[in-house]
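Residue-level structural notes
In case you want the letters, here they are:
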Amino acid sequence: MVCMIAAILESGEPERLYTGLSLLVSAAADGTPARGLVTFGALDALLDDALAERAMAPGAAPHVVPGEAQPFAQTLAELRAMARELPGCELWACAAAVEATGATREQVEARLDGVMSTPRFLRETAGARLVVV
């Protein structure tokens, strides 16, 4: 039996987003169902059309050496796109975060699979390996 992996993405920090998205995309690429719930801190970053530029801003990714900032930022943007396109991988916006931050359904649907409440996410991923990033 293939176990699902579920991640709650809370942080908008590029390095943490990279880690969470990489975990989901890698699992889905290997055939493991992967589900992510994007909450308050991560929502603005993952809806940002300029995610790569945001990740390259001074101090945004303090552990990335300057010579690797551009490849890191580009890969982060690619991971976001792959999480949306890769079969077996789904990335949902937390309903409360969408409402509280003023994000629109159109913004969410342009980058993510849609909107889902935390209780529903937890029900749908019951039994999954759960991580919070």
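Keep in mind that this is a model prediction, so the values were computed, not measured.

Counting its regular elements, the protein chain contains 7 helices and 5 strands. Going from the N terminus to the C terminus, the protein chain shows its helices and strands as β-α-β-α-α-α-β-α-α-β-α-β. Dimensions along the principal axes, computed over C-alpha positions, put the protein chain at roughly 40 × 35 × 20 Å. Buried positions account for 42% of the 133 residues belonging to the protein chain. Taken as a whole, the protein chain presents about 6800 Å² of accessible surface, with 55% of it coming from carbon and sulfur.

As a further point, take the packing of aromatic side chains. The final tally for this structure, using the stated rule, is 1 aromatic pair. Between Tyr18 and Phe72, the ring centres sit 5.1 Å apart and the planes meet at 20°, which makes this aromatic pair stacked. Here Tyr18 is found in helix α1 (residues 14-29), whereas its partner Phe72 is found in helix α4 (residues 69-85), with 54 residues between them in sequence. Judged by its relative accessible area of 12%, Phe72 falls in the buried class.

So, on to α4. Helix length check: α4, at 17 residues, gives a terminal C-alpha distance of 24 Å against a target of 24 Å (1.5 Å per residue), a fit within 8%. Residues of α4 that are buried include every one of Phe72, Ala73, Leu76, Ala77, Leu79, Arg80 and Ala83, and no others. All buried residues of α4 project into a common sector of 150° when viewed along the axis, lining one side. The secondary structure elements touched by the buried residues of α4 are α1, α2 (40-47), α3 (51-56), β3 (89-94) and α6 (105-111).

What counts, and where the lines are drawn
Residues numbered from 1 in each chain as written. Predicted model: local features only at pLDDT ≥ 70, side-chain atom pairs only at ≥ 80, totals over all residues. Heavy atoms only, no water. Helix = DSSP H or I, 4+ residues; strand = E, 2+ residues; numbered from the N terminus. Buried < 20%, exposed > 50% of the residue type's maximum accessible area, 1.4 Å probe, protein only. Areas by Shrake-Rupley, 256 points an atom, 1.4 Å probe, with all protein chains shown as cover. Phe/Tyr/Trp six-rings, centres within 6.5 Å; stacked < 30°, edge-to-face > 60°. Expected span 1.5 Å × (residues − 1). Arc of directions from axis to C-beta. Contact = heavy atoms within 4.5 Å.

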